[in-house]
Every structure is written in C-alpha cells, then in structure tokens.
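Structure assessment
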Amino acid sequence: MLCNDGVACNGTETCDTVLDCQPGTPLDCNDNVGCTADFCDLATDSCQHTAQDASCNDGLVCNGVETCNPSSGCTAGT
C-alpha cells in the first residue's frame with residue numbers, strides 16, 4: 001500500500017523487502033483493431049480506443065470514404 005502511486009495506467013506497484021518499491025506492469029490497452037489509437041487515460045484510469053478514419057483511407061475516391069469502426073476495424077466506403 002505504501003508503494004502505490006495511485007495511477008492505474010502504470011500498473012500496481014509492489015513492495016519488496018530488499019529492493020523497496022517496485023514498478024508495476026503498465027496496462028496493455030491494445031485492442032488489436034488496427035485503425036484505433038489505444039491509450040490509457042490518466043484522468044479515468046482506463047483504456048481508451050479512438051477511431052482513426054485516416055488510417056483506413058485507400059486513396060481511391062471512386063469507392064467512397066472508408067471509416068474506422070472501433071469494434072471491427074476498417075469499413076469500406078460506398
């Protein structure tokens with residue numbers, strides 16, 4: 001409890017009787033969806049996944065504007 005810095009994003013710190021406070025393992029916020037920006041929000045101590053439509057753009061205007069669905073990935077344009 002004495003080693004806890006109160007920040008969930010950087011993991012749960014532990015106390016070692018010889019080495020003193022030890023860092024925790026940071027949260028893994030990777031959602032395995034290629035078109036999202038994944039990060040740990042320090043204000044809410046939770047993972048966030050923000051859609052990045054630009055990463056889905058195939059550069060072809062005629063097939064519509066591709067978008068990012070935060071759950072399933074890139075979706076084709078119309």
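My aim in this report is to walk through the structure given alongside it, one point at a time. (Residues numbered from 1 in each chain as written. Predicted model: local features only at pLDDT ≥ 70, side-chain atom pairs only at ≥ 80, totals over all residues. Heavy atoms only, no water.)

Comments concerning the pairing of strand β3 (residues 36-41)
Sheet analysis places β3 next to strand β4 (residues 46-51), joined by six bridges and oriented antiparallel. Bridge pairing in β4 links F39 to Q48. Here β3 folds back onto β4 in antiparallel fashion, the turn holding four residues, of which D45 has a positive phi close to 50°. (Pairing = 2+ DSSP bridges. Helix = DSSP H or I, 4+ residues; strand = E, 2+ residues; numbered from the N terminus.)

Quick look at the environment of N30
By secondary structure assignment, the location of N30 is in the loop between β2 (20-22) and β3. For N30, a relative accessible area of 45% puts it in the partly exposed group. A sequence separation of 12 residues divides N30 from L42, and the C-alpha atoms of the two residues are 16 Å apart. Within the structure, the side chain of N30 is placed 2.7 Å from the backbone nitrogen of N32, a separation counted as a polar contact. (Buried < 20%, exposed > 50% of the residue type's maximum accessible area, 1.4 Å probe, protein only. Polar contact = N/O pair within 3.5 Å; in protein donor to acceptor, adjacent residues only side chain to side chain.)

Examining unusual backbone geometry
As a rule of thumb, non-glycine residues mostly have phi less than zero, and peptide bonds are mostly trans rather than cis. Non-glycine residue N32 carries a positive phi angle of around 60°. Along the chain, N32 falls in the loop between β2 and β3. In the Ramachandran plot, D45 falls in the positive-phi region, its phi being about 50° despite a non-glycine side chain.

Notes on the state of the cysteines
Using the criterion set out here, one finds five disulfides in the structure. The disulfide bridge from C3 ends at C21, spanning 2.1 Å between sulfur atoms. Given an S-S torsion of about -80°, the disulfide between C3 and C21 has left-handed geometry. Of the two residues, C3 is situated in the segment before β1 (14-16) and C21 in strand β2; the sequence distance between them amounts to 18 residues. Look at C3 and you get buried, because its relative accessible area is 10%. Overall, C21 belongs to the partly exposed group, its relative accessible area being 36%. Linked covalently through their sulfurs, C9 and C40 form a disulfide whose S-S length is 1.9 Å. (Disulfide = S-S within 2.5 Å.)

Details of the environment of N10
With respect to the helices and strands, the residue N10 is situated in the segment before β1. A C-alpha to C-alpha distance of 31 Å links N10 and T67, two positions 57 residues apart in sequence. In this structure N10 touches D5, G24, T25 and P26, once residues within four positions along its chain are discounted. A distance of 2.7 Å separates the side chain of N10 from the side chain of D5, its partner in a polar contact. (Contact = heavy atoms within 4.5 Å.)

Remember, this is a structural readout, not a statement about activity or role.
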